[in-house]
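Structure at a glance
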Amino acid sequence: QVQLVESGGGLVQAGGSLRLSCVASGSISSIRAMRWYRQAPGKQRELVAAIITDGGSTNYADSVKGRFTISRDNAKNTVYLQMNSLKPEDTAVYYCNAQYGYFSNSWGQGTQVTVSS
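Residues numbered from 1 in each chain as written. Predicted model: local features only at pLDDT ≥ 70, side-chain atom pairs only at ≥ 80, totals over all residues. Heavy atoms only, no water.

The subject of this paragraph is the layout of surface pockets. Its volume calculated, the largest pocket comes out at about 250 Å³. Elements with a contribution of two residues or more to the lining of the largest pocket: β4 (31–39), β5 (46–52), β7 (68–73) and β8 (78–83). Broken down by class, the residue content of the lining of the largest pocket amounts to seven nonpolar, five polar and two charged. Each pocket or cavity is described by its volume, and for the second largest pocket that value is around 170 Å³. Tallied by class, the residues present in the lining of the second largest pocket amount to two nonpolar, four polar and seven charged. (1 Å grid on protein atoms, 1.4 Å probe; cavity = no way out; pocket = protein on both sides within 12 Å on 5 of 7 lines; lining within 4 Å. Points joined across faces, edges and corners; volume = space filled by probe spheres on them. Helix = DSSP H or I, 4+ residues; strand = E, 2+ residues; numbered from the N terminus. Nonpolar A, V, L, I, M, F, W, Y, C, P; charged D, E, K, R; others polar.)

This is the structure in structure tokens:
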């Protein structure tokens with residue numbers, strides 16, 4: 001089992017920055033990938049960014065490329081999402097996800113990000 005706790009959301013003006021954190025606990029060694037998703041009101045949850053445990057490769061949704069950066073601190077069992085040049089359309093609840101084992105997933109409780117125009 002893997003447990004996740006997110007933090008770092010809040011209210012920011014357009015053009016501002018926020019950094020989200022996701023602390024993992026439990027079966028850390030079984031984590032294969034960590035991902036950030038977001039869900040805006042009335043919309044489906046969408047993948048924002050991912051980082052693969054083995055090798056550290058990353059990928060991003062087209063809508064956030066060049067503005068968001070996913071990174072990890074293995075010593076702290078933490079994954080970050082640095083969000084720069086925020087836009088009102090980035091407003092959503094952001095969720096951390098851990099893929100572990102072969103078919104298992106864990107989700108955090110979500111953190112609200114609101115970008116005002």
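All right, on to the sheet that holds β8 then. Read from one edge to the other, the open sheet built from four strands follows the order β1-β3-β8-β7, with strand pairing classed as antiparallel. The open sheet has two free edges, formed respectively by β1 (2–7) and β7, since each of these has just one partner strand. With direction set aside, neighbouring strand axes in the sheet form an average angle of 20 degrees. Sheet topology places strand β3 (residues 18–26) next to β8; six bridges connect them, and they run antiparallel. (Pairing = 2+ DSSP bridges. Axes fitted to C-alpha atoms, helices over the stretch in contact; angles between N-to-C directions.)

Ranked by internal contacts, the top residues of the largest apolar core, which has 29 residues, are Met 34, Trp 36, Leu 81, Met 83 and Tyr 94. For this core, the elements supplying multiple residues, two or more each, are β1, β3, β4, β5, β7, β8, β9 (92–100) and β11 (111–116). Ignoring anything within four residues of it in the chain, the contact list for Leu 81 reads Leu 18, Arg 19, Leu 20, Trp 36, Val 48, Ala 49, Phe 68, Thr 69, Ile 70 and Tyr 94. (Core = buried A, V, L, I, M, F, W, Y, C linked by side-chain atoms within 4.5 Å. Buried < 20%, exposed > 50% of the residue type's maximum accessible area, 1.4 Å probe, protein only. Contact = heavy atoms within 4.5 Å.)

Turning our eyes to something else, we now look at the side chain of Arg 35. Relative to the assigned elements, Arg 35 resides in strand β4. We note that Arg 35 is buried and unpaired, the nearest opposite charge coming from Asp 54 at a distance of 13 Å. Ignoring sequence-local partners within four residues, the contact set of Arg 35 consists of Leu 47, Ala 49, Ala 50, Tyr 95, Cys 96, Asn 97 and Gln 99. (Lys, Arg positive; Asp, Glu negative; His and termini not counted. Salt bridge = Lys/Arg side-chain N within 4 Å of Asp/Glu carboxyl O.)

Now for the state of the cysteines. Going through the model one piece at a time under the given rule, you end up with one disulfide. A disulfide bridge connects Cys 22 with Cys 96, and the sulfur atoms are separated by 2.0 Å. Between Cys 22 and Cys 96 the disulfide shows an S-S torsion of about -80 degrees. By sign, it is left-handed. In this pair, Cys 22 is assigned in strand β3 and Cys 96 in strand β9, connecting sequence segments 74 residues apart. Judged by its relative accessible area of 1%, Cys 22 falls in the buried class. (Disulfide = S-S within 2.5 Å.)

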